[in-house]
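# Overview (structure and organization)
The primary structure of each chain is shown beneath.
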Amino acid sequence: MTDQPSRNRERNLKIARNEATHETRRDMRLAAWAVSFVLAIVLIVAFSLITR
């Protein structure tokens, strides 16, 4: 039974690493959407200025 706290700690560390990985991926997806949105706006504005 002395091994149980060590197992719990290892399990908790693994869960924390997994959550951090998921959070990083989520942040990267959000950044990609934000960059895409801004790029689309810039292209629309540039096109409207060119066609004047």
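You'll find the structure just up there.
Okay, so let's go over this structure.

Conventions used here
- Note that residues are indexed from 1 along each chain, following the sequence as it is written.
- Side-chain atom pairs in this predicted model are given and counted only at pLDDT of 80 or more, local residue features only at pLDDT of at least 70, and totals for whole chains, interfaces and linings cover all residues.
- To get the side-chain values, all heavy atoms of the structure are used, and hydrogens and water are removed first.
- Secondary structure elements follow DSSP: runs of H or I no shorter than four residues count as helices, runs of E no shorter than two count as strands, and numbering proceeds from the N terminus.
- For the radius of gyration, the atoms used are the C-alpha atoms, and the globule rule reads 2.2 Å times the number of residues raised to 0.38.
- When accessible area is computed with a 1.4 Å probe and restricted to protein chains, residues below 20% of their type maximum are described as buried, those above 50% as exposed, and intermediate ones as partly exposed.
- Only the protein chains shown count as covering a residue, and every accessible area follows the Shrake-Rupley method with a 1.4 Å probe.
- When charges are counted, Lys and Arg are positive and Asp and Glu negative, with His and the chain ends excluded.
- Lysine's charge is taken at NZ, arginine's at CZ, aspartate's at CG and glutamate's at CD.
- To count toward a patch, a residue needs a relative accessible area over 30% and no salt bridge; like charges are then connected within 9 Å, while nonpolar side chains (Val, Leu, Ile, Met, Phe, Trp, Tyr) are connected within 5 Å.
- By salt bridge we mean one thing: a side-chain nitrogen of Lys or Arg within 4 Å of a carboxyl oxygen of Asp or Glu.

### A few points about the overall build of the protein
Within the protein, the secondary structure is distributed over one helix and zero strands. Relative to the compact-globule value of 10 Å for 52 residues, the protein shows a C-alpha radius of gyration of 23 Å, a clear excess of over 25%. With the C-alpha coordinates aligned to their principal axes, the bounding extent of the protein is approximately 80 × 5 × 5 Å. The buried share of the protein, taken over its 52 residues, is 0%. With an accessible surface of roughly 5200 Å², the protein has 64% of that area assigned to carbon and sulfur atoms. Put simply, the protein has 9 plus and 5 minus side-chain charges, and the middle of one group is 7 Å from the middle of the other.

### A short note on a nonpolar patch on the surface
Together, F37, V38, I41, V42, I44, V45 and L49 make up an exposed nonpolar region whose accessible area comes to about 680 Å². By the element assignment, V38 lies in helix α1 (residues 4-50).

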